[in-house]
Amino acid sequence: MTSDKEIELIRILEHNGRVETEVLAKMLDESEEDVKVCMQKLEDEQVILSYTAIVDWSKVTKEETIAAMIDVKVTPQRDVGFDEVAARIQRFPEVSALYLMSGTYDLSVVVEGQTMDGVARFVSNKLSTLDAVLSTTTHFRLKKYKHDGVVFNQDEKDRRMVVSP
Amino acid sequence: MTQSSLHTTTRKKRLSKTVSNIEPSGIRRFFDLASTMEDCISLGVGEPDFVTPWNVREACMASLEQGYTSYTSNAGMPELRQAITDYMDERFQVSYDPEQEVIVTVGASEAIDLAVRATIDPGDEVLVATPAFVSYEPLVTLSGAVPVPVKTDASTDFKLTKERLEAAITERSRAIVLSFPNNPTGAVMSKRELEAIAEVAEAYDLLIFSDEIYAELSYDIPHTAFSALERMHDRTVLISGFSKAFAMTGWRLGFVCAPADIAQAMLKIHQYALMCAPTQAQHGALEALRNGREAVEKMTNSYRARRNYTVHALNEAGLNCHLPGGSFYAFPSVEATGMDDETFAEQLLIEEKVAVVPGSVFGKGGEGHVRCSYATSLDSLQTAFARMEAFVSRHGK
Ligand SMILES: Cc1ncc(COP(=O)(O)O)c(C=O)c1O
């Protein structure tokens, strides 16, 4: 498959990871076999890391989750910079995202949990106690409007006339 | 009291003969039928399934906030005309003078009307490559002239050929209406193929009205503007607009580029009939041209993938379909069912709740085919083609 088609494939999957191979093959004008091989290659090279669903948990009342974004200042370490402390933080299962930032703090940690208490405990017991961590500022997320390019509670309907010239 | 001899007690006719003789569009009937149906999947929509990019909508709102609510100059805002000529130059390597050769119109629709009215006299003949967008023939008729359909068909992938065109030319022929990439067939013509048409135009001294509104939506080869062909600048009226590529159908904004004498004649009609195109829409269009490239590319890529899917799926469903190189329509043959296109479209709608448009409403050459617009979600396409496959296997010869 050409690199253009490979990028096209990645774009389609990034938008909708559930499109069947058969449909992908038709969209790319390639054989199913070639699409499978290409997807395998992208997975092996860790270009495609996972196929996940974007969930609006607020609609699943029993499973309401709490999320916090924590700004963390750390002391970078000789030779490894921020990578070592990042490697320690990312291992906690509560951490759903972790980014190195420019600006007034260093790491942005997104933590998800069942209760506010649980998140607070994670910050005070686990995060703050790491040697490299100098300070933390915790912001609780109140509502999700848009995530990974997907708008929650989208109400833009198809407003077109059913048949037009 | 004296009575004028012009007084009358009988009722005079109220409608002009020309208008009375024009048939209502065949699309209308399908619209009426389809709109009464619930859960119908429509492949009958002739417009993008994207809403206008946000930056364009935002620019329009900003213009309102800043109080840009008056008329613009008749031909359109000078900055917009400049942006149009820059765009045409950069994208299609064809240059126009923004002062004299460009008019911003109320859709490509108005531009087509202006082109015909500014150049054609009653009795003249205008050749129209068909199947084609529904408005060309009626607009020619409305100006008192005679539309002469020149059929294209599946044997040439719905491209216009020199032979067919020459066979239709008479002493009264004045112009040719071309529209590639085409609605409804999706056909695209290459530079070489267009050059053959250009030769005919030159040999018989014909004008070309080239409706290039789908120019951005050419998926396999770069689009050639007709006026970019050698010696064609002076005989081409190039019609385009924002509806398709920028997903701006409801804004009603298009433009036309033509040699100064023709453009100025068109401007006379435009200035009396319309005054100017809507100011808010012009502000939106300016943003679209300045910062819309990325959005256009994204949409184009999305159509291309759906085009590929559609062609494979239709052929698998037993509906023979050539590869449409542009626009967002596929135009399969319904021969496999033994039905004519009207019956096919009607039965498919009733039995499977899928709306397509019978090819014959787009003029000669469209018989036996239906237009399927793939400007709809992949989910809808998958369901629609599964239903069509079931329909074909039930009715197959
Ligand atoms: C070939 C062609 N020309 C012109 C138009 C009308 O465009 P506008 O919205 O700019 O009037 C259409 C719309 O369907 C079309 O398909």
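Cut-off values and rules
- Residues numbered from 1 in each chain as written.
- Chains lettered and ligands numbered in written order.
- Predicted model: local features only at pLDDT ≥ 70, side-chain atom pairs only at ≥ 80, totals over all residues.
- Heavy atoms only, no water.
- Helix = DSSP H or I, 4+ residues; strand = E, 2+ residues; numbered from the N terminus.
- Rg over C-alpha atoms; globule rule 2.2 N^0.38 Å.
- Buried < 20%, exposed > 50% of the residue type's maximum accessible area, 1.4 Å probe, protein only.
- Contact = heavy atoms within 4.5 Å.
- Areas by Shrake-Rupley, 256 points an atom, 1.4 Å probe, with all protein chains shown as cover.
- Axes fitted to C-alpha atoms, helices over the stretch in contact; angles between N-to-C directions.
- Parallel < 35°, antiparallel > 145°, perpendicular 65-115°, else oblique.
- Left-handed = near helix turned anticlockwise from the far one by under 90°.
- Nonpolar A, V, L, I, M, F, W, Y, C, P; charged D, E, K, R; others polar.
- Buried area = accessible area lost by both parts, 1.4 Å probe.
- Salt bridge = Lys/Arg side-chain N within 4 Å of Asp/Glu carboxyl O.
- Polar contact = N/O pair within 3.5 Å; in protein donor to acceptor, adjacent residues only side chain to side chain.
- Disulfide = S-S within 2.5 Å.
- Expected span 1.5 Å × (residues − 1).
- Arc of directions from axis to C-beta.
- UniProt positions renumbered as here; feature names shortened; annotations may be inferred.
- Pairing = 2+ DSSP bridges.

Colleague: Explanation requested: the overall build of chain A in the structure shown.
Modeller: Looking only at helices and strands, chain A has 5 helices and 6 strands in total. In sequence order, chain A lays out its α and β elements as α-α-α-β-α-β-β-α-β-β-β. Its C-alpha atoms give chain A a radius of gyration of 21 Å, clearly above 15 Å, the size a compact globule of 165 residues would have. Each of the three principal axes of chain A carries a C-alpha extent, and together these read 60 × 40 × 30 Å. Relative to its full complement of 165 residues, chain A shows a buried share of 29%. Contacts spanning at least 24 positions in sequence make up 60% of the contacts within chain A whose residues lie at least 6 apart. As displayed, chain A offers around 11300 Å² of accessible surface, 50% of which is attributable to carbon and sulfur atoms.

Colleague: Got a minute to help me understand the packing of helix H12 (residues 341-352) of chain B against helix H13 (residues 378-395) of chain B in this structure?
Modeller: Helix-helix packing: each pair is described by the crossing angle between the helix axes and the interaxial distance. Residues and elements named next belong to chain B. Following both chains from N to C, one finds H12 and H13 inclined at 115°, their axes separated by 11 Å at the closest point. As summarised for this structure, H12 and H13 are arranged roughly perpendicular, according to the angle between their axes. In terms of crossing hand, the pair formed by H12 and H13 is right-handed. Residue-level contacts link Phe344, Gln347, Leu348, Glu351 and Glu352 of H12 to Arg387, Met388, Ala390, Phe391, Arg394 and His395 of H13. Among the residues making up the contact of H12 with H13, the classes are represented as 5 nonpolar, 2 polar and 4 charged.

Colleague: How should I be thinking about unusual backbone geometry in this particular structure?
Modeller: For residues besides glycine, phi is generally negative; the peptide bonds are generally trans as well. Residues and elements named next belong to chain B. The peptide bond linking phenylalanine 180 to proline 181 adopts the cis configuration, its omega dihedral lying at -5°. One can find proline 181 in the loop between strand E5 (173-178) and helix H8 (191-203). Cis geometry marks the peptide bond from asparagine 183 to proline 184, where omega comes out at 15°. Tracing the backbone through its elements, the reader meets proline 184 in the loop between E5 and H8. With a phi angle near 55°, arginine 252 is a residue other than glycine that sits in the positive phi range. For arginine 252, the location among the structural elements is in the loop between strand E7 (236-241) and strand E8 (254-257).

Colleague: Just to check I follow, could you spell out the interface of chain A and chain B for this structure?
Modeller: Interfaces are often sized by the accessible area lost when the parts come together. Every contact between the two is made by 18 residues of chain A and, on the other side, 33 residues of chain B. Roughly 2000 Å² is buried in total at the junction of chain A and chain B, and carbon and sulfur atoms are behind 58% of that figure. When residues of chain A are sorted by the area they lose upon contact with chain B, Lys26(A), Arg160(A) and Pro165(A) head the list and together hold 36% of the total. Close ionic contact of Glu316(B) with Lys26(A) constitutes a salt bridge, the shortest N to O distance being 2.8 Å. On the surface where chain A and chain B come into contact, there are 13 residue pairs in polar contact (both at pLDDT 80 or more). Listed by contribution, the elements that provide at least two residues to the side of chain A that touches chain B are helix H1 (3-15) and helix H2 (21-28) of chain A. Of the residues in the side of chain A that touches chain B, the class split is 9 nonpolar, 1 polar and 8 charged.

Colleague: Just to check I follow, could you spell out the environment of Gln271(B) for this structure?
Modeller: Turning to its location among the elements, Gln271(B) is positioned in helix H9 (residues 260-273). Under the relative-accessibility criterion, Gln271(B) is labelled partly exposed at 27%.

Colleague: Explanation requested: the state of the cysteines in the structure shown.
Modeller: Cysteine pairs can be linked by a disulfide, which is a covalent bond between their two sulfur atoms. With the rule as written, the count across this model stands at 0 disulfides over all chains. Cys372(B) supplies the cysteine sulfur nearest to Cys321(B), a cysteine that is in no disulfide, at a spacing of 7.4 Å.

Colleague: Mind showing me how you'd approach H8(B) here?
Modeller: Since the α-helix turns once every 3.6 residues, residues separated by three or four places project in the same direction. All names here are of chain B. Helix length check: H8, at 13 residues, gives a terminal C-alpha distance of 18 Å against a target of 18 Å (1.5 Å per residue), a fit within 8%. Of the positions making up H8, those classed as buried are Leu194, Ile197, Ala198, Val200 and Ala201. Buried positions in H8, seen along its axis, are confined to an arc of 160° and lie on one side of it. Among the exposed residues of H8, those pointing more than 90 degrees away from its buried face are Arg192 and Ala203. Considering only its buried residues, H8 is in contact with helix H7 (162-168), E5 and strand E6 (207-211). Phi for aspartate 205, located one or two positions after H8, is positive at around 50°.

Colleague: Help me out: how do you make sense of helix H4 (residues 83-90) of chain A in this one?
Modeller: All names here are of chain A. Of the residues making up H4, those classed as buried are Val85, Ala86 and Ile89. Each buried residue of H4 lies within a common arc of 100° when the element is viewed along its axis, so the set occupies one face. Exposed and facing more than 90 degrees away from the buried side of H4 are Asp83 and Arg88. Where H4 is buried, its residues touch strand E1 (66-74), strand E2 (95-100), strand E3 (107-113) and helix H5 (116-127).

Colleague: Is there a simple way to think about the UniProt feature "domain: Aminotransferase class I/classII large" (unreviewed entry) in chain B in this case?
Modeller: UniProt records the feature "domain: Aminotransferase class I/classII large" (unreviewed entry) for residues 39-382 of chain B in the present numbering. Split by type, residues 39-382 of chain B is 39% helix and 14% strand. Its first and last C-alpha atoms lie 15 Å apart.

Colleague: Honestly, the pairing of E3(A) in this entry has me stumped. Any pointers?
Modeller: For a regular strand, side chains alternate in direction, first toward one face of the sheet and then toward the other. All names here are of chain A. Taken across its 7 residues, E3 has 6 buried, putting it largely inside the fold. Bridge count between E1 and E3: 7 bridges; the pairing is antiparallel. Bridge pairing links methionine 69 to valine 110 in E3. Pairing between E2 and E3: 5 bridges, direction antiparallel. Counted as the bridge partner of tyrosine 99 is serine 108 from E3.

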